[in-house]
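Here is what each chain is made of, one letter per residue.
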Amino acid sequence: MAAHAAAAAAAPGHLILFRVGEFYEVLGSDAPVAARVLGLQLTRRRQKDAADVPMCGIPAATASAAVARLLTAGHKVALSEQPPEPGADRPLRRMTPSTSVDSEVLVEGRPNNLCVALAEGDATAFAWTDLSTGETGTAMSSLNGCGAALARIAPSEVLVGRWPEASDALAVALRGSGIPFSNLDRPVPTPDQARQALLDCYGADTAERLQGFSPAELTALAGLLEYVRAIVGRLPDAMMLPRRAGMGDTMEIDAPTLRGLEVLSSASGREGSLLSVLDRTVTAPGARLLVRQLAAPLTEPATIARRLAMVRFLVRNAPVRTGCREALSGMPDALRACGRLSLGQGGPRDLATVRGFLERVAQAASQLQQATDLPPGLLTAARELAGGSSGSCGDLGATLRRALVALPPAEVGAGFVAEGYDAKLDAARQVVTEGEGALEALQTRYVGETGVKSLRIRVNTVLGYHVEVPAAAAKALGAEFVLRQGLANSSRFATAELDRLAAEHAAATETVQRAEQRIFEALRTATLANRSALTRIAHAAAALDLVCGLAQAAAEGLWAEPELSDDAELHIEGGRHPVAEAILDAASRSFVPNDCHMGDGQRLWLLTGPNMAGKSTFLRQVALIVLMAQIGSFVPAQRARIGTVDKLFSRIGASDDLAAGRSTFMVEMLETAAILNQATPRSLVILDEVGRGTSTHDGLSIAQACMEYLHDRVRCRTLFATHFHELADAAERMSDAICMAMDAAAGRHGDIFSYKVLPGRSGRSYGLKIAALAGIPDPVLRRAEEILAQHLGDAAEAPNSAP
């Protein structure tokens, strides 16, 4: 128990798996957690002079799978192994979800970034790495921009090296993102320590190779690398240089906006999100790239136009699109294979992954090379992909094809090297084969000499090779058979000749294993020597997969190519909500399209209308069309001309934050404050029901003040939906605002509303109509009608006054 307490102190926040013989014991408060996740029986460990301790046990043989399940559930795990010799310290191996490269832990289409955040004055430096792919990056962000930076990085875990001194912006962003975070469990490196850590990692010319990175970014990166070294026990081999992400070249979207617009997930999970509609990727790197693009769309019209040109070509040339998708389909994830190999956790199957990746890349390159009139982006992709069949990558692919069997085993030493690749290995294998033949011949001879037809030569880890006969036949064996073990139903013997043959076989087997290990290390080294080139090719394949998927979605949905510009206009004709349309299509129903025109004279739309008439759907629809256009996708509309948006804000719905002691209204106000403080004239703001979480008069006052601020001060494109119909009076007095309303008329197919957006203002919310549809009892509805009539009468008698 003292040793267990020492392990727990050395790995705070980790579930301790304490090795005792052939089991790992999980003790104390860790035991119920592990038992619940793993479905184990919770017992107690008895102690002589202390209270019993809760305990559950994990067989050492199944510990790897158990650890994977614990990590997948989000827990940190530390394995306390038995000491190598009496009196020695117990080795402690720490594992976290964000440092795992285990395929059972990783989500195929999502990155697994570990991030360090370091406040520096009025800014925050971020450094992150995905050990599973080797991709590393840094970024600087203002304190107000931390939410958008975290959404772009999409970390699995954040370690805070230093908090801002006079601001809670980073804490608010972290809590709003839902990302697990904690303090970095070691001091922030000094400048000298950071310089040395980076020198050790990236080599003597580190200063030149990392030019352009701020001191804060380099310090955060050094702290990140030292943390990885402490947790994993080493840094990856062949580490690639970090890439500095400029926050100004992508649209800023924070986590509440991504959630409110249901971009990456919805209340139902992935289904019902924009990602579920757009994702036609066929590779894991392509799926990860799509997720990154949706969290950080492009802002430069020329860059967007380059991607749209690729999508346009692939929409119009279905055979090229289909050929590329078939070539990429099933392409193994070479990035993650290299990640495992770089940490010494890879095996022969990872080498086979690289081999299969290069084969698929060659097929995709061939598809593009056969096409004519390729746009510049696809020409670049074709050139990059062709690199997989030439130069050092071509040599690597040829070597792996010669070296590996068709379906390699998971472990080295189990026969992963193809026959004919290495003469010494072939010779050693021949000796093993001959030894196995000699053992079979010896068994046949013993059966003949003893007359015991059931005699068998067997092997196990305790006795090694031995002769086994039924217990009743043991007396038939001669003096050369020496009893090694007697069981109830059988007896096991050794002979001098068997021991000699077994020793020769063991030596030959060891020679084969050493040869396979030598070959594996050579192939691993050759693969990692090409890691940068493989990564570049994988990124090109992911980009091709992305645009092919966008083209496939556009062709299926009959979407239109948007036009992007530098102005602050927004014109959508016949716009449709991509997710709602897909759901209705599946039910053989059609979506009602709507227009949206914003610019001079109508930068702010005040949208009123009944409940369930489609206000929130329309708001999300406009925002999603803008987002889709800026990732280079076609959009669900007849036509769309969009002035690029620098920041996208959405406040649709809210819930309380009990952990932080914040009510629903407080969360709503925090999100609204972030919008008002960060929006620029080039932003798009979506606000739904601001002020509804408090009293009517307070809510109305706050909503009008926010609307006026966005119109007069920020002057950005704003969609403002409300049930405060009094706001229409204020909107009509504004120079660049327009009142729009959801049509209250009945729709088709029995729909209670038509879902059309029309000019004007709504006079009613039709709440009682919705309450009746929901099944509110008739007595309650009748009483509500009486109270409503009374309120309307009182309002009519009151003197008219604008809010």
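Note that the coordinates shown come from a computational prediction; the quantities given were computed from them, not determined experimentally. (Residues numbered from 1 in each chain as written. Predicted model: local features only at pLDDT ≥ 70, side-chain atom pairs only at ≥ 80, totals over all residues. Heavy atoms only, no water.)

Overview of the overall build of the chain
Here is step 1: Scanning the chain from terminus to terminus reveals 27 helices and 27 strands.
Here is step 2: Across its three principal axes, the chain shows a C-alpha extent of roughly 120 × 75 × 65 Å.
Here is step 3: For the chain, the residues scored as buried account for 51% of the 803 residues in total.
Here is step 4: Relative to all contacts within the chain whose residues are 6 or more apart in sequence, the contacts with residues 24 or more apart total 68%.
Here is step 5: As displayed, the chain offers around 35900 Å² of accessible surface, 52% of which is attributable to carbon and sulfur atoms.
Here is step 6: Averaging the locations of the 79 positively and 89 negatively charged side chains of the chain gives two centres separated by 3 Å. (Helix = DSSP H or I, 4+ residues; strand = E, 2+ residues; numbered from the N terminus. Buried < 20%, exposed > 50% of the residue type's maximum accessible area, 1.4 Å probe, protein only. Contact = heavy atoms within 4.5 Å. Areas by Shrake-Rupley, 256 points an atom, 1.4 Å probe, with all protein chains shown as cover. Lys, Arg positive; Asp, Glu negative; His and termini not counted. Charge placed at Lys NZ, Arg CZ, Asp CG, Glu CD.)

Observations concerning the pattern of salt bridges
Side chains carrying opposite charge are able to pair once their charged atoms draw close together.
Here is step 1: For the structure shown, the criterion picks out 39 salt bridges.
Here is step 2: Put simply, Asp567 and Arg641 hold a salt bridge, and the shortest N to O gap is 2.8 Å. You can see Asp567 sitting in the loop between strand E18 (563–565) and strand E19 (570–575) and its partner Arg641 sitting in strand E22 (residues 639–643), a full 74 residues away along the chain.
Here is step 3: For Asp736, the salt bridge is made with Arg603, and the minimal N-O distance between the two is 2.7 Å. Here Arg603 lies in the loop between strand E20 (594–598) and strand E21 (604–608) and Asp736 lies in the loop between helix H25 (727–732) and strand E26 (737–742), a separation of 133 residues in the sequence. Each member of the pair, Asp736 as well as Arg603, carries the same accessibility label: buried. (Salt bridge = Lys/Arg side-chain N within 4 Å of Asp/Glu carboxyl O.)

Quick look at helix H22 (residues 615–630)
Here is step 1: Along its 16 residues, H22 runs 23 Å from first to last C-alpha, staying within 8% of the 22 Å computed at 1.5 Å per residue.
Here is step 2: Where H22 terminates, the next one or two residues include Gly632, which has phi positive at roughly 90°. (Expected span 1.5 Å × (residues − 1).)

Let's talk about the layout of surface pockets
Here is step 1: Roughly 1400 Å³ of volume is contained in the largest pocket.
Here is step 2: Together, 40 residues line the largest pocket, and Arg243, Leu289, Arg292, Gln293 and His539 are the ones closest to its centre.
Here is step 3: Broken down by element, the residue count for the lining of the largest pocket peaks at nine residues, all from helix H20 (residues 531–557).
Here is step 4: The class makeup of the residues in the lining of the largest pocket is 17 nonpolar, twelve polar and eleven charged. (1 Å grid on protein atoms, 1.4 Å probe; cavity = no way out; pocket = protein on both sides within 12 Å on 5 of 7 lines; lining within 4 Å. Points joined across faces, edges and corners; volume = space filled by probe spheres on them. Nonpolar A, V, L, I, M, F, W, Y, C, P; charged D, E, K, R; others polar.)

Some details on the packing of aromatic side chains
Here is step 1: Evaluated as defined, the whole model comprises four aromatic pairs.
Here is step 2: Summarising the aromatic geometry, the rings of Trp163 and Phe181 are spaced 6.1 Å apart at their centres and angled 75° between planes, so their arrangement reads as edge-to-face. Taken together, the residues span a long stretch of sequence, with Trp163 in the loop between strand E10 (155–162) and helix H5 (169–177) and Phe181 in strand E11 (residues 181–183) at a distance of 18 residues.
Here is step 3: The partly exposed category is assigned to Trp163, whose relative accessible area is 31%.
Here is step 4: Relative to Phe618, the ring of Trp605 lies with its centre 6.0 Å away and its plane at 15°, an arrangement referred to as stacked. (Phe/Tyr/Trp six-rings, centres within 6.5 Å; stacked < 30°, edge-to-face > 60°.)

Here's the deal with the sheet that holds E18
Here is step 1: On the basis of which strands lie adjacent, the open sheet formed by four strands has the order E18-E22-E19-E20 and mixed pairing. The sheet is open, and its two borders are formed by E18 and E20, each paired with just one other strand. Pairs of neighbouring strands in the sheet enclose a mean axial angle of 15°, with direction left out of account.
Here is step 2: Pairing geometry for E19 and E20, over four bridges, is antiparallel. Counted as the bridge partner of Ile572 is Cys596 from E20.
Here is step 3: Sheet strands touched by H22: E18, E19, E20 and E22. Its angle to E19, the strand with the most contacts, is close to 110°. (Pairing = 2+ DSSP bridges. Axes fitted to C-alpha atoms, helices over the stretch in contact; angles between N-to-C directions.)

What to know about the packing of helix H15 (residues 348–369) against helix H19 (residues 496–529)
Here is step 1: The N-to-C vectors of H15 and H19 enclose an angle of 40°; their axes lie 11 Å apart at closest approach. Our classification of the angle between H15 and H19 gives oblique. For the pair H15 and H19, the sense of crossing is left-handed. The segment H15 lies against H19, with Pro348, Leu351 and Val354 engaging Phe520, Leu523, Arg524 and Thr527.
Here is step 2: In terms of residue class, the contact of H15 with H19 is built from five nonpolar, one polar and one charged. (Parallel < 35°, antiparallel > 145°, perpendicular 65-115°, else oblique. Left-handed = near helix turned anticlockwise from the far one by under 90°.)

Comments concerning the pairing of strand E7 (residues 113–120)
Here is step 1: A large share of E7 lies buried, amounting to seven of its eight residues.
Here is step 2: Relative to strand E8 (residues 123–130), E7 is paired through seven bridges, and the arrangement is antiparallel. Opposite Leu114, over in E8, you have Thr129 as the bridge partner.

Brief notes about the packing of helix H6 (residues 191–202) against helix H8 (residues 215–232)
Here is step 1: Relative to each other, H6 and H8 sit at 65°, their axes nearing to 9 Å. Two packed elements cross with a definite hand, and for H6 against H8 that hand is left-handed. For the pair formed by H6 and H8, the contact residues are Ala194, Ala197, Leu198, Cys201 and Tyr202 on the first element and Leu218, Thr219, Leu221, Ala222, Leu225 and Glu226 on the second.
Here is step 2: Within the contact of H6 with H8, the residues separate by chemical class into nine nonpolar, one polar and one charged.

Quick word on unusual backbone geometry
Here is step 1: One non-glycine residue, Ala154, lies in positive phi territory at about 55°.
Here is step 2: By the secondary structure assignment, Ala154 is in the loop between helix H4 (146–153) and E10.
Here is step 3: Positive phi outside glycine occurs at Glu262, with the angle close to 55°.
Here is step 4: On the basis of relative accessible area, Glu262 is assigned to the partly exposed category, the value being 25%.

Quick word on the sheet that holds strand E9 (residues 135–142)
Here is step 1: Pairing is mixed across the open sheet formed by six strands, whose spatial order is E11-E10-E7-E8-E9-E12. Both outer strands of the open sheet, E11 and strand E12 (243–244), are each paired with one neighbouring strand and no more.
Here is step 2: As paired strands, E8 and E9 are joined by eight bridges and run antiparallel to one another. What sits directly across from Asp130, in E9, is Glu135.

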